[in-house]
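Listed here are the chains, written in short residue letters.
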Amino acid sequence: MKLFCTILFFSLASAAFAREEAVLARVTGYWASGAGASGKYASTGGRLRPGHCAVDPKRIPYGSKVVFPDGPCTAVDTGPAVVSRKAARACGRTAAQRNAIVVDRFFETKREAVEWSNAHSAFMILQVVPPLQ
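Residues numbered from 1 in each chain as written. Predicted model: local features only at pLDDT ≥ 70, side-chain atom pairs only at ≥ 80, totals over all residues. Heavy atoms only, no water.

**Student:** For the overall build of the protein, give the residues involved together with the corresponding values.
**Tutor:** Within the protein, the regular secondary structure consists of five helices and six strands. Taken from the N to the C terminus, the helices and strands of the protein come in the order α-β-β-β-β-α-α-α-β-α-β. Out of the 133 residues belonging to the protein, those deemed buried represent 33%. Pairs at least 24 apart in sequence give 67% of the contacts found in the protein among residues at least 6 apart. For the protein, the accessible surface area stands at approximately 8,000 Å², while carbon and sulfur atoms represent 61% of it. (Helix = DSSP H or I, 4+ residues; strand = E, 2+ residues; numbered from the N terminus. Buried < 20%, exposed > 50% of the residue type's maximum accessible area, 1.4 Å probe, protein only. Contact = heavy atoms within 4.5 Å. Areas by Shrake-Rupley, 256 points an atom, 1.4 Å probe, with all protein chains shown as cover.)

**Student:** Lay out the nonpolar core with the relevant residues and their values.
**Tutor:** Counting residues in hydrophobic clusters, the biggest one holds 19 residues, and the most contacted among them are I60, V66, F68, V103 and L126. Elements represented by at least two residues in this core include exactly β1 (21–31), β3 (65–68), β4 (71–77), β5 (101–107), α5 (110–119) and β6 (123–129). What L126 contacts, discounting residues up to four positions off in sequence, is E21, A22, V23, A25, V27, V66, V67, F68, P69 and V103. Core analysis: the next-biggest nonpolar cluster, separate from the first, contains 12 residues, L48, V76, V82 and A100 among them. (Core = buried A, V, L, I, M, F, W, Y, C linked by side-chain atoms within 4.5 Å.)

**Student:** Summarise the environment of C91; cite the residues concerned and give the values.
**Tutor:** With respect to the secondary-structure elements, C91 resides in helix α3 (residues 86–91). Distance in space between the C-alpha atoms of C91 and R26 is 9.0 Å, their sequence separation being 65 residues. What C91 contacts, discounting residues up to four positions off in sequence, is R26 and F123.

Shown next as structure tokens:
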């Protein structure tokens, strides 16, 4: 019985962790107001806040947690440059970078977005945790 419980536990645990995925991403920033702003509402209809990000919903489902080195964000938005992976194709030096997904992290101001982008690498490995079904 103990062996059965142990095997059952490990099979359930591996199924839960198998949902997480590490992906190479070109990370960019966007902001709510001022020059070059995208607006205050996500494509899903909700109001954008710090801790939100834009993704390609075909690759990362809405509601997923995208874990950056400095904290998690929730995937709530998308845009044509994210879906087309324009930033990755334009500045990627290797084939892996040119094929990377694009994640656009939301900030309240352009200054915050630029400061964060300057302090972090353009390409990084992100953990993606899909929402529970």
